Amino acid sequence: MDEFDAIVIGAGFAGLYQLYRLRELGFTAQGFEAGDGVGGTWYWNRYPGARCDVESMDYSYSFSEELEQEWEWTERYPTQPEILRYLNYVADRFDLRGLIKLATRVTSVVYDNETNRWTVETNRGDVVSARYIIAATGCLSLWQIPAFDGLESFRGSTFHTGNWPRDDIDFAGRRVGVIGTGSTGIQAIPQIAKQAEHLFVFQRTPNYSVPARNHLLTAEYQVSRKKTYREYRERAKYSGGGHSAILPTKSALEETNADRLAEYERRWERGGAPLMQMSYTDLMTSREANQTIAEFVRGKIREIVTDAETAAKLTPVDYPFGAKRLCVDIDYFETYNRGNVTLVDVRSAPIEKITERGIVTGGYEYELDAIVFATGYDAITGPLLNLNIRGRDGRALNDAWSAGPRAYLGLQVAGFPNLFTITGPGSPSVISNMVVSIEQHVDWICECLMHLREHDIESVEPLIEAQEAWVAHVNEAAAATLFPLAKSWYLGDNIPGKPRVFMPYVAGVGAYRRKCEEVVANGYDGFVMTSRQEREVAISK
Ligand SMILES: Cc1cc2nc3c(=O)[nH]c(=O)nc-3n(C[C@H](O)[C@H](O)[C@H](O)COP(=O)(O)OP(=O)(O)OC[C@H]3O[C@@H](n4cnc5c(N)ncnc54)[C@H](O)[C@@H]3O)c2cc1C
């Protein structure tokens, strides 16, 4: 059996950087990636319109100044192909491909009490052993399709946005149904509408969305940003959401109505998620403040969509602005003014079944040539539980998390020694610019591994009390915001039977990073570290 210091599962932003750092530090490592290319999210999500909602110059690695200086982004919000090119460039530039076994899915990860090592098995028959397991499996890599009656009988083509084929799909002359109006649906719908003969959008929950106002980046802009990249990056590290922009200082309720509207209007014109993040301090903590921006965006929907009935269906009314992942779009609401687009409300008349010809709702059969499932992912915990992890004494992670995930700092789980989860539950992850959060986790894990090596320590895992206290803190932080007031995948609401727990840590990447730094400064406070002698004595008892 091949033996390594570490196995890294996944080769997206997290896996690539993790492998790079391990090699630089002299650890032996093997990466496994289910896809037949690197890139993670940006390898799988090739649907039309796929693009990042964080600005390109923020949504990129900061670990190499050379990389930062030499890579040229072309657009404010990068497209999926551009990010995939970037990640392939990173894999080549830092010579990472030799460390990764592609098209290889990890199927089980089992800890051995006696040897304090993990055995990893894959769908290609690999059986390898490692001291450390680093799950870089991503928060949004396990796509899901709800169990619709009759799904298998549909004779047309089906697609999931999160597992889009490599070939160009041409919807010209076809009747297409899109199920789902979350972030991916909202990006794909305007693009598919431009091609399809007719597009039917099956919407259960209307979403708030703000225009991207995407544009090409000028050379001058890039040059000037690159001159101050270090300062930007430092600011992002200790910010709220991992962006370099300066945070607001004022409550929405301190402003006059006219000033507030002017502020929202200015930010709406500038485009992107800063409308939520940068306008006022209390949009996600005060219902009254949130109502001001929710009403502003509702007004925009009514202004853009010409048919009043369609506009009403597209307007979210029963949850706060931003409580579900805020969507950033290019011509989303405008698309409903096209003659070849029909909005079908499946909240009032849920999808009854899928037939060989199409989708039945409200007793009516919509005949279709293709169905696009923009139905999202089993977020955050799904890819981890899918690994079939068994920790100390054979305990399955699925059992340890049967009532919802419990992890210390989103980095480790009690009872699973030397297992690390990048952007795991209880860390800022999907609430932040994820590249910032990924780099922070990889750096923290590397510092921890170096500490173990230097001090001849064999294993590290959280103390159960520290883990429970952190879980309670994560819940308190969420409860102090408006996030739990919406049904969302942050809470697992999109997966039937998934325990309803708010998974990301919402207090901000800066506060979180400081906590992680403090834990290290206090001698890995909350973690228990065991030397070989201590472990052997414990086993012999
Ligand atoms: C459509 C979409 C848009 C997004 N937009 C943004 C955005 O605007 N801003 C932002 O910050 N984030 C965004 N994200 C989140 C995005 O996932 C992260 O920003 C980032 O790409 C995550 O990198 P990662 O390496 O952690 O995970 P991923 O990129 O998901 O990579 C994980 C990899 O692990 C592999 N894997 C999983 N399980 C196994 C297994 N058992 N065996 C082998 N391999 C396995 C998967 O195949 C995958 O390639 C978006 C996500 C999606 C899906």
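Refer to the structure presented above.
Along every chain, residues carry numbers that run from 1 in the direction the sequence is written. Two thresholds apply to this predicted model, a pLDDT of at least 70 for residue-level local features and 80 or more for giving and counting side-chain atom pairs, whereas whole-chain, interface and lining totals are computed over all residues. Water and hydrogen atoms play no part in the side-chain values, which are based on all heavy atoms of the structure.

**A word on the site of the ligand**
The near set for a molecule or strand comprises every residue that places at least one heavy atom within 4 Å of it. Taken together, 34 residues form the shell around the ligand, and within it Glu33, Thr41, Asp53, Tyr59 and Met434 come nearest. Here an oxygen atom of the ligand and a side-chain polar atom of Trp42 are 3.3 Å apart. Note on areas: Shrake-Rupley with a 1.4 Å probe; residue coverage comes only from the protein chains shown. Burial of the ligand by the protein amounts to 96% of the accessible area it has alone, namely 970 Å². Looking at the shell around the ligand, the elements that each hand over two or more residues are helix H1 (13-24), helix H2 (41-44) and helix H15 (434-454). Throughout this description, a polar contact denotes any pair of N or O atoms lying within 3.5 Å of each other; where both atoms belong to protein, one of them has to be capable of donating a hydrogen while the other can accept it, and for residues adjacent in sequence the pair is counted only when both atoms sit in side chains. Starting at the N terminus, helices and strands are each numbered in turn, a helix being any DSSP run of H or I of at least four residues and a strand any DSSP run of E of at least two.

**Topic: the packing of aromatic side chains**
Here the aromatic set is Phe, Tyr and Trp, taking the six-membered ring for Trp, and pairing holds for ring centres within 6.5 Å; pairs whose planes are under 30 degrees apart are stacked, those over 60 apart are edge-to-face, and all others are tilted. Overall, the coordinates contain 44 aromatic pairs when judged by the stated rule. Their ring planes at 80 degrees and their centres at 6.0 Å tell us that Trp268 and Phe296 sit as a pair that is edge-to-face. One end of the pair, Trp268, is in helix H8 (residues 257-270); the other, Phe296, is in helix H10 (residues 287-304), with 28 residues separating them in the sequence. Three or more aromatic residues joined by ring pairs form one cluster here, namely Phe13, Tyr17, Tyr20, Trp42, Tyr59, Tyr61, Phe63, Trp71, Trp73, Tyr86, Tyr89 and Phe94. Here, over-ring charges are defined by two tests on the NZ atom of lysine or the CZ atom of arginine: distance to the ring centre within 6 Å, and angle to the ring normal within 35 degrees. Taking NZ or CZ as reference, Arg235 lies 5.4 Å from the ring centre of Tyr232, over its face.

**Thoughts on the nonpolar core**
One finds Phe13, Tyr61, Phe321 and Trp444 to be the most contacted residues of the largest nonpolar core, which totals 129 residues. If you tally residues by element for this core, the top one is H15, at 10 residues. If we ignore the near neighbours within four places in the chain, the residues touching Phe321 are Tyr208, Val210, Leu275, Met276, Met284, Asn290, Ile293, Ala294, Val297 and Leu326. The term nonpolar core refers to a set of buried residues drawn from Ala, Val, Leu, Ile, Met, Phe, Trp, Tyr and Cys, joined through side-chain atoms within 4.5 Å. Residue exposure (1.4 Å probe, protein chains only): buried if accessible area is under 20% of the type maximum, exposed if over 50%, otherwise partly exposed. By size, the runner-up hydrophobic cluster in this structure holds 23 residues, among which are Ile133, Leu387, Ala400 and Leu419. We call two residues in contact when some of their heavy atoms are within 4.5 Å.

**Some thoughts on unusual backbone geometry**
With a phi angle near 55 degrees, Thr423 is a residue other than glycine that sits in the positive phi range. Structurally, the position occupied by Thr423 is in the loop between strand S18 (419-421) and H15. With a phi angle near 55 degrees, Asp456 is a residue other than glycine that sits in the positive phi range.

**Quick word on H10**
Multiplying 1.5 Å by the residue count of a helix minus one yields the expected span of that helix. Across its 18 residues, H10 extends 25 Å between first and last C-alpha, which sits within 8% of the 26 Å expected from 1.5 Å per residue. For H10, the full list of buried residues reads Ala289, Asn290, Thr292, Ile293, Ala294, Phe296, Val297, Arg298, Lys300 and Ile301. Among the structural elements, strand S10 (209-211), H8, helix H9 (274-277), helix H11 (308-314) and helix H12 (332-335) are those in contact with the buried residues of H10. A distance of 3.3 Å separates the backbone nitrogen of Glu288 from a side-chain oxygen at the start of H10, and that oxygen is part of Ser286.

**Quick look at the packing of H15 against helix H17 (residues 509-521)**
Inter-axis angles, ranging from 0 to 180 degrees, are taken between N-to-C directions of lines fitted to C-alpha atoms, where helices are fitted over the stretch in contact. As a packed pair, H15 and H17 sit with axes 11 Å apart at the nearest point and diverge in direction by 0 degrees. By the angle between their axes, H15 is roughly parallel relative to H17. Across the interface between the two elements, Val436, Ser437, Gln440, His441, Trp444 and Glu447 of H15 pack against Val509, Tyr512, Arg513, Cys516, Val519 and Val520 of H17. Each residue is assigned to one class: nonpolar for Ala, Val, Leu, Ile, Met, Phe, Trp, Tyr, Cys and Pro, charged for Asp, Glu, Lys and Arg, and polar for all the others, Gly among them. The class makeup of the residues in the contact of H15 with H17 is 7 nonpolar, 3 polar and 2 charged. Roughly parallel means an angle under 35 degrees; roughly antiparallel means over 145; roughly perpendicular covers 65 to 115; every other angle is labelled oblique.

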